[in-house]
Amino acid sequence: MTDLTEPLEAQLAHADDRIRLNHWIPQQWGVVPRLRIGQRWFNLMWLIPIGITLLMLGIATAQELMQLSAVKSFLRRYPGQIAEPISYSGFPLWLRLEHFFNLFLMFLIIRAGIQILADHPRLYWNRDCTPGTEWFRFQRDVPMHRIWTAKDDSVTLPGWLGIPGLRHSIGLARWWHFSCALLWVLNGAAFYAMLFVTGQWQRVVPHSLAVFPNSLSVALEYLSLRFPANEAWIRYNSLQQLTYFITVFVAAPLAIITGLMQGPAISNSVGRVGRILHRQAARSIHFLVACWFVFFIFVHVTLIFITGLRQNLNNMFAGVNDDGYRGFIIFAIAMIIVAITWVFATPLTIRYARLVQRTGRFMVGWLKGVSERMNPSLELTEADISPFFWPNGTMPNSAEFEALVHDHFNNYKLRVSGLVSNPRTFSFDELKAMPKQEQITAHFCIQGWSGVAKWGGVPMGRILDLVKPTASARYAVFYSFAEGSDGGRYYDVHELRNMRHHLTILAYEMNGAPVSVLHGAPLRLRCENELGFKQVKWIEAIEFVADFRQLGGGQGGYNEDHEFYGYRMPI
Ligand SMILES: Nc1nc2c(c(=O)[nH]1)N[C@H]1C(S)=C(S)[C@@H](COP(=O)(O)O)O[C@H]1N2
Ligand SMILES: [Mo]
């Protein structure tokens, strides 16, 4: 065995463990969220006056309706509650605690979720992300007179809204979102279990169709501002029951499913399901579920305040049904905890970015490890190929690369070194003379866009057969001709298992033509159960190593070092 260390190792940059604002991508503000109806974009700020007008009209109409004798007899027939026998009482401690954990985590999940959305501030119903076809956005039209990468498209958020607000801080926001989501799922699972063990499920699960007319009856009463007697301690009214049921048993599971379906490993491994609930559909539904949660929280909190605040807080925060101040005091303490977390989440994330990355990896790394073992398969056809494929990343700008482009890559050589029995270089002709593999697959960028393309190239397994990694080789390092956005070579590390997968190829063709320089010529990696940033473009060399801690910032890739991504990214 020859000990051949790849010389490009020396060109990897070290990385800071915190975000330095003067090195970070400069800020760029988006626009107020807009909804597309036909060809026109509507500013969603209109929802405020429209909502207020509708509410006023609704109140006046409800008050008029309440005078009608038919409505009166409807209300008598459906009093808004179904008085069935119950086997639970009050709000036990476990329920109150889980309610608090839920609200605490929900704020963080929603803030980090908005941050993730800001990295590709457009939502689509179609699988492709062709500019102009989105139904929702908070960004302007895509400029057509220049190359506009997905990173160019990302927008800044206020630091109090997103975590951490900075433009293109998705790496950190994802650790928050996923870690809190995991805790939220565990809390939710415990909540489900306790509901059914204690009989409290009867509060929130409607058991007859009469819940619908009764909900209408309660809605009419609320809308006419004549609030029905608050008997939540004993049982919820039908409208409460229905909305809590939808939130707990419909919205929450839907959020989990549409969240998981956005990852390449899962989406590519579930066949037809992944075709129908493709990433953009999952992403749009995930966003709408989040809107439901925000709407629910707003209405819920408003009603808590205006239907007898002290009693409501005593119920849910102190577990008593009197008119003392205990509940209010506990609630005030809970809100101080939420407020402190809210204020410090952003500055601490910027200051201790590496710690956030490490903590996130500790929390959800195992889940990524498990889903990385899923087996992506081919389910896409020529008809699925996207008409538009977002470009991303920092282009190579060396004279060396310019010269290669000038000669149409005829002088290109791929160097393969490190822990291999047979280190060697391959000329471009040699690579193209090997059996070519073609595959039609979906690309999942971490930022949120996706696209389908047909890729043609050399199976990575073939390269492994020729160079023969030694027993101590655990990872393949891909070095790019290009630098990363903050200087130093772009590189990324993959586990050997992924390199042996039959869909892992070094692609030199895209959609039947040579890969363009924009999309990674002469060679770019395709590894179908990982996110886009791991598909290194403009590959200069591959090195097999036993560990990656000695490389660059030690995190397993350029974006892992500089943008705090995880090196396993199947979701
Ligand atoms: N060398 C290099 N490779 C790279 C990047 C980069 O910045 N430099 N960006 C990555 C990211 S974030 C994505 S989404 C894909 C984009 O590939 P595309 O431009 O062909 O769409 O390339 C990946 N490969
Ligand atoms: Mo990406």
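Numbering of residues starts from 1 in each chain and follows the order in which that chain's sequence is written. Here chains are named by letter from A upward and ligands by number from 1 upward, in the order in which they appear as written. For this predicted model, a pLDDT threshold of at least 70 governs which residues receive local features, and a threshold of 80 or more governs which side-chain atom pairs are given and counted, while totals over whole chains, interfaces and linings are taken from all residues. With hydrogens and water set aside, each side-chain value is computed from the structure's full complement of heavy atoms.

Caption draft 1: A look at the site of ligand 1. Whether a residue is near a molecule or strand depends on its heavy atoms: it is near if one of them lies within 4 Å of it. In the neighbourhood of ligand 1, 20 residues make up the surrounding shell, with W390, S480, H519, R524 and K537 lying closest. Nitrogen and oxygen atoms within 3.5 Å of one another constitute a polar contact, given that in protein one can donate a hydrogen and the other can accept it, and given that sequence-neighbouring residues count only through two side-chain atoms. In the model, an oxygen atom of ligand 1 is placed 3.2 Å from a nitrogen or oxygen of the T394 main chain. A distance of 2.7 Å is found between an oxygen atom of ligand 1 and a side-chain nitrogen or oxygen belonging to H519. For ligand 1, whose free accessible area comes to 530 Å², the fraction covered by protein is 99%. Amino acids outside the nonpolar list (Ala, Val, Leu, Ile, Met, Phe, Trp, Tyr, Cys, Pro) and the charged list (Asp, Glu, Lys, Arg) are all regarded as polar, and Gly is one of them. Of the residues in the shell around ligand 1, the class split is 10 nonpolar, 8 polar and 2 charged. Each accessible area is a Shrake-Rupley estimate made with a 1.4 Å probe; only the visible protein chains count as cover when residues are assessed.

Caption draft 2: How the structure looks around a nonpolar patch on the surface. There is a patch of nonpolar side chains on the surface, built from I336, I340, V343, F344, L348, Y352 and L355 and spanning about 680 Å² of accessible area. Runs of H or I in DSSP of at least four residues are treated as helices and runs of E of at least two as strands, each being numbered from the N terminus. Sort the elements by how many residues they give to the nonpolar patch and helix α13 (residues 326-351) lands first, with 5 residues. Along the chain, the position of V343 falls in helix α13. Within the patch definition used here, like charges are joined within 9 Å and nonpolar side chains (Val, Leu, Ile, Met, Phe, Trp, Tyr) within 5 Å, considering only residues with over 30% relative accessible area and no salt bridge. Criterion for a salt bridge: a side-chain nitrogen of Lys or Arg within 4 Å of a carboxyl oxygen of Asp or Glu.

Caption draft 3: Region of the structure containing the packing of aromatic side chains. Put simply, two rings from Phe, Tyr or Trp (the six-membered ring, in Trp's case) pair if the centres are within 6.5 Å, and we call them stacked under 30 degrees between planes, edge-to-face over 60, tilted for the rest. Under the counting rule described, the total for this entry stands at 36 aromatic pairs. Relative to F136, the ring of W135 has its centre 5.7 Å away and its plane inclined at 50°; by these criteria the two rings are tilted. Linked through ring pairs, F401, F409, Y412, F428, F481 and Y508 together constitute an aromatic cluster. For a ring to carry a charge above it, either NZ of a lysine or CZ of an arginine must fall within 6 Å of the ring centroid while also lying within 35 degrees of the normal to the ring plane. Directly above the ring of Y236 sits R203, whose terminal nitrogen or CZ lies 5.0 Å from the centroid.

Caption draft 4: Representation of the environment of R272 in the model. Relative to the helices and strands, R272 is located in helix α10 (residues 272-276). Each C-alpha atom of the pair R272 and Y508 lies 28 Å from the other, and the pair is 236 residues apart in sequence.

Caption draft 5: The sheet that holds strand β14 (residues 539-545), seen in detail. We call two strands paired when DSSP finds no fewer than two bridges between them. Pairing within the open sheet is mixed, and its 5 strands lie in the order β6-β5-β14-β9-β10. In the strand order of this sheet, the two ends are held by β6 (424-427) and β10 (489-495), each with one partner. Between one strand axis and the next, the sheet turns through 20° on average, direction left out of account. Pairing geometry for strand β9 (residues 475-483) and β14, over 6 bridges, is antiparallel. If you follow Y479 over to β14, its bridge partner there is A541. Contacts: residue pairs with any heavy atoms within 4.5 Å of one another. Interaxial angle, 0 to 180 degrees, is taken between N-to-C directions of lines fitted to C-alpha atoms, where a helix line uses only the stretch in contact. Seen against the sheet, helix α17 (residues 460-467) touches β5 (413-418), β6, β9 and β14 and runs at an angle of roughly 135° to β6.

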